[in-house]
Amino acid sequence: FPGADDLDTFWKNLAQGVESITFFSDKELKDSGFETSVYASDDYVKASPLLNDAKGFDAEFFGYTARDAELMDPQHRLFLECAWEAFEVAGYEPTTYPGVTGVYAGAAMNTYLMNNVMPNRHQIDPNDGMDVTTLDSMGGFMMMVANDKDYLTTRVSYKLNLGGPSINVQTACSTGLVTVHMACQSLLSGETDLFMAGGASVQSPGHAGHLYQPGMIVSPDGHVRSFDANAAGTIFGSGVGAILLKRLDDAIRDGDHIYAVVKGSAVNNDGGIKVGYMAPSSEGQASVVAEAIAMAGVSPDTIGMIEAHGTGTEIGDPIEVNGLTQVFRTQTDAIGYCALGSVKTNVGHLQITSGTAGFIKTALSLHHA
């Protein structure tokens, strides 16, 4: 995640209230290819949550040539590395794990293809003379496999020898948590023994700000103030995360390190009863929260923390609080007992990976008590 290459650093940043937003100089924006007329505007916000080394990848470790890696979307590269690291943290050798392991994950829109690969198309590979990115050649096919979202999970399954379901999941900002819900369903049905869920969002170029426009979702100053009276917008950034899930009885039997337990989950959709397609709905959120609590078999007055979507927008945050309040008020009148927050105040809005970041933050909060 921005400002953190590992779990320990991520937790340290959260505990110390670190804001992992990078502010850019004019030179950095110019070097990224932006015209002066773009970033010289008073409304251009020169900030974004950045990964420390988005282009870094251990190609040789995974059996890729440097050319293969160069052609591949960094979202695919980094998710593959995160997948391996998740198994390392869990203490498993994925290629020899005896059970059935599945993968559900999603990726953001591929900006690397548009900004890095396509502008350099028609380059000739010196090894075989092939035009590597002509769309009507084998080079074009390889470019598609290296960049299309469809190949994100199956690449991981192939490289790590995972024989369970391997499915690309795309539900925009909810993707990270929808993959968790779907993975839990697979585990509960007995279809799999271990499941990896997660997502990848990597912007290219990384050093890119945004143009602030009143009434839109983006922040006017590069800061996210979730559930704050001064909240004025969000800021989008890059992040990659992977989670390993297992049936609790099996995890206890095998002596696994358990960071957290998923007691229940639910997924729904707002439908059409709301102001607009991009707008949230209190009723839709209340419905899915009530269902998740019912599935978990817990009472709202026993919940000590809510990790919310919390984009830091003037409209979205109050709607989210209203949806939560509707559900909690059906079973308790207590106030002031449940913490409310959003990881976006630390790392910004990581798009496809935002739910994964919030899930990992919550698991670490339980782990560290």
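Just so you know, these numbers come straight off a predicted model, no measurement behind them.

Enquirer: Residue-level account of the packing of helix α1 (residues 7-15) against helix α14 (residues 354-367), with values.
Expert: One way to put it is that α1 packs onto α14 with a least axis distance of 11 Å and a crossing angle of 80 degrees. Put simply, α1 runs roughly perpendicular to α14. Only A357, I360, K361, L364 and S365 of α14 make contact with α1, whose side of the interface consists of L7, F10, W11 and L14. Broken down by class, the residue content of the contact of α1 with α14 amounts to 7 nonpolar, 1 polar and 1 charged.

Enquirer: Describe in detail the packing of aromatic side chains, supporting the description with residues and values.
Expert: Pairs of aromatic rings are described using the distance from one ring centre to the other and the angle between the two planes. Inspection of the entire model under this criterion finds 8 aromatic pairs. Relative to Y64, the ring of F57 has its centre 6.2 Å away and its plane inclined at 45 degrees; by these criteria the two rings are tilted. Between F61 and W84, the aromatic rings sit 5.1 Å apart at their centres with planes inclined by 80 degrees, giving edge-to-face as the arrangement. With F61 in the loop between β3 (47-48) and α4 (66-71) and W84 in helix α5 (residues 74-90), the pair connects residues that are 23 residues apart, well separated along the chain. Classification of F61 as partly exposed rests on a relative accessible area of 46%. One aromatic cluster is present, built from ring pairs that chain together F57, F61, F62, Y64 and W84. In this arrangement the basic side chain of R77 is found over the ring face of Y112, its NZ or CZ atom lying 5.2 Å from the centre.

Procedures and definitions
- Residues numbered from 1 in each chain as written.
- Predicted model: local features only at pLDDT ≥ 70, side-chain atom pairs only at ≥ 80, totals over all residues.
- Heavy atoms only, no water.
- Axes fitted to C-alpha atoms, helices over the stretch in contact; angles between N-to-C directions.
- Helix = DSSP H or I, 4+ residues; strand = E, 2+ residues; numbered from the N terminus.
- Parallel < 35°, antiparallel > 145°, perpendicular 65-115°, else oblique.
- Contact = heavy atoms within 4.5 Å.
- Nonpolar A, V, L, I, M, F, W, Y, C, P; charged D, E, K, R; others polar.
- Phe/Tyr/Trp six-rings, centres within 6.5 Å; stacked < 30°, edge-to-face > 60°.
- Buried < 20%, exposed > 50% of the residue type's maximum accessible area, 1.4 Å probe, protein only.
- Lys NZ or Arg CZ within 6 Å of the ring centre and 35° of its normal.

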